[in-house]
Amino acid sequence: MSAEDRATRLPEQTDEFLPVQDVGTKEAADPAATTEFRDVMRQMASVDDIAGRSVDEYMEMLRDRRPAFAFDEREAAAKRARYVVKREVGRGSIGTICLARDMYLNRDVAIKALRADLIQKKGRLARFLSEAQITSQLDHPAVVPVYDIGLMPDDAPFFSMKLIRGHTLGAHIAAFRKQKRIARKTLRQFRTRLLRIFTRICQGMAYAHAKRVIHRDLKPENIMTGEFGQVHIMDWGLAKIVGSPMREESLDVDPVQTIRSELEIQTMDGVVAGTPAYMSPEQARGDSDFLNYRSDVFTLGLILVELVTLQRAIPAGNPDSVIERVRNTAAISPRILRPDIDIPLQLDAICLCATAPDPKNRYPSAYDLWQDMRTYFEGGDLIADSLIEH
């Protein structure tokens, strides 16, 4: 079976996954002045034995967590190294991801490390440490487990996590688009499998929202699927902790906490972070104080439109023009976008509700979107219908 055939063969089930991508953020001249840095600093909260520690203090604590690294098993035996680095599998603007062997537990892992030249840039350092802590506290099958955190030999922080093997959701869509003739039955089957994967994504994001975390960079390229039905939401590098849970029933779920810095600064508006074609209007405007669960819902809605229509909800183009288009977008109807294919009314209603330009008209959180996706498969009344009526 060719790589392209494997990419189009979607899993029937869903449950584990290779972090192949490392999506960074754009850096200003002074990292301490960026919205990204201010976000992290403002939301840092104490947790257990690192309560009240600054980023510098936390890094000092990590110096006691410096496992030995090697590049082959003979060197590992001589140095009693824990990790044998095999090869690089991903690279981004702030770091790299390597395939490594954990010699203590005799298993392959993925190691994500901050670039050594960014160690002194506190904005990037704080964001990296925050990503590790946020990901580790999202204990859900749709989130990659974090195993360990420490320092590399060059003092760069790293964290190890489960090695995920599979294809991105974007790769599945791209491979399917390449097929020249697609029978209606084949299209329906493919769409059904995509929608079941999407339902699992919503479930994972519902859990994250219950833990007061928003992702801010959801897109098909950040969703991995495995051969045995696994689905994982990747790359929480832009994740942000928000004020309070959206639902009463989420109050028994402990909120995520991260390290606290000595710098308590207010967030500055006007800086855009994320992927333009998958932003919410408020994210595209740089309205950081208005980003919440509904912002992730909008992005999930864009992904759903793409899965239903097999084309992007927001066409690609120059980043500035895409951002401007997102800022002024109307709610997106797949039936209007693709009148040539049969799209159920319920799916259209779910997309319209999720992509409403005004956050107040969207689903309150991914939990409600997840419930409507379950209703689509199982039958019943949609939450979207009542929200659209109002």
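Here goes a summary of the coordinates provided. (Residues numbered from 1 in each chain as written. Predicted model: local features only at pLDDT ≥ 70, side-chain atom pairs only at ≥ 80, totals over all residues. Heavy atoms only, no water.)

Focus on the pairing of strand 6 (residues 157–162)
Part 1 of the reasoning: Burial of strand 6 is extensive: 6 of the 6 residues sit out of reach of the surface.
Part 2 of the reasoning: Where strand 5 (residues 146–151) meets strand 6, 5 bridges bridge the pair, whose relative direction is antiparallel. Residue pairing for strand 6: G150 is matched across the bridge by F158. (Buried < 20%, exposed > 50% of the residue type's maximum accessible area, 1.4 Å probe, protein only. Helix = DSSP H or I, 4+ residues; strand = E, 2+ residues; numbered from the N terminus. Pairing = 2+ DSSP bridges.)

A word on the pairing of strand 4 (residues 107–114)
Part 1 of the reasoning: The buried fraction of strand 4 is high, at 6 of 8 residues.
Part 2 of the reasoning: Inspection of the sheet shows strand 3 (residues 95–102) paired to strand 4 by 8 bridges, in the antiparallel sense. Within the sheet, the bridge partner assigned to A100 lies in strand 4 and is V109.
Part 3 of the reasoning: What sits between strand 3 and strand 4 in their antiparallel hairpin is a turn of 4 residues, with N106 showing a positive phi close to 55°.

Remarks on the sheet that holds strand 3
Part 1 of the reasoning: With mixed pairing, 6 strands are arranged side by side in an open sheet as 1-2-3-4-6-5. This sheet does not close on itself; its edge strands, each paired only once, are strand 1 (69–70) and strand 5.
Part 2 of the reasoning: Inspection of the sheet shows strand 4 paired to strand 6 by 5 bridges, in the antiparallel sense. Counted as the bridge partner of I111 is S160 from strand 6.
Part 3 of the reasoning: Sheet contacts for helix 3 (residues 55–62): strand 5 and strand 6; angle to strand 5, the most-contacted strand, approximately 95°.
Part 4 of the reasoning: Contacts between helix 5 (residues 122–137) and the sheet are confined to strand 4, strand 5 and strand 6, with strand 6 contributing the most and set at about 25° to the helix. (Contact = heavy atoms within 4.5 Å. Axes fitted to C-alpha atoms, helices over the stretch in contact; angles between N-to-C directions.)

Some details on the pattern of salt bridges
Part 1 of the reasoning: Enumeration according to the criterion identifies 21 salt bridges in this entry.
Part 2 of the reasoning: A salt bridge links R82 to D102; the nearest nitrogen and oxygen atoms lie 2.8 Å apart. Here R82 is found in the loop between helix 4 (73–79) and strand 2 (83–91), whereas its partner D102 is found in strand 3, with 20 residues between them in sequence.
Part 3 of the reasoning: Given a relative accessible area of 16%, R82 falls into the buried group.
Part 4 of the reasoning: Linking E306 and R177 is a salt bridge whose minimum nitrogen-to-oxygen distance equals 3.3 Å. Highlighted residues: E306 in helix 9 (residues 293–309) and R177 in helix 6 (residues 169–177), separated in sequence by 129 residues.
Part 5 of the reasoning: A relative accessible area of 5% means that E306 is categorised as buried. (Salt bridge = Lys/Arg side-chain N within 4 Å of Asp/Glu carboxyl O.)

Quick notes on the packing of aromatic side chains
Part 1 of the reasoning: Scanning all chains against the criterion turns up 7 aromatic pairs.
Part 2 of the reasoning: When the ring of F128 is compared with that of F159, the centres are 5.3 Å apart and the planes differ by 45°; the resulting orientation is tilted. Taken as a pair, F128 in helix 5 and F159 in strand 6 lie far apart in primary sequence, 31 residues in all. Across this residue pair, the class does not change: F128 and F159 are buried. (Phe/Tyr/Trp six-rings, centres within 6.5 Å; stacked < 30°, edge-to-face > 60°.)

Some points on the environment of L345
Part 1 of the reasoning: Within the fold, L345 resides in helix 12 (residues 345–354).
Part 2 of the reasoning: The exposure class of L345 is exposed, given its relative accessible area of 62%.

Focus on the sheet that holds strand 9 (residues 223–225)
Part 1 of the reasoning: Strand order in this open sheet of 3 strands is 7-9-10, and the pairing throughout is antiparallel. Looking at strand neighbours, the two that pair on one side only are strand 7 (167–168) and strand 10 (231–233), the edges of this open sheet.
Part 2 of the reasoning: For strand 7 and strand 9, the ladder comprises 2 bridges, and the chain directions are antiparallel. In the sheet register, H167 faces strand 9, and the bridge partner there is T225.
Part 3 of the reasoning: Lying over the sheet, helix 7 (residues 184–210) contacts strand 9 and strand 10, oriented at roughly 45° with respect to strand 10.

With respect to the nonpolar core
Part 1 of the reasoning: Counting 60 residues, the largest nonpolar core has F198 and W236 as the members making the most contacts within it.
Part 2 of the reasoning: Those elements that place two or more of their residues in this core are helix 6, helix 7, strand 10, helix 9, helix 10 (319–327), helix 12 and helix 13 (366–378).
Part 3 of the reasoning: Broken down by element, this core gets its largest block of residues, 10 residues, from helix 7.
Part 4 of the reasoning: If we skip the residues at most four places from it in the chain, F198 touches L300, I303, L304, L307, L369 and M373.
Part 5 of the reasoning: In terms of nonpolar packing, the next biggest core, distinct from the first, is built from 36 residues, Y58, M152, L163 and M224 among them. (Core = buried A, V, L, I, M, F, W, Y, C linked by side-chain atoms within 4.5 Å.)

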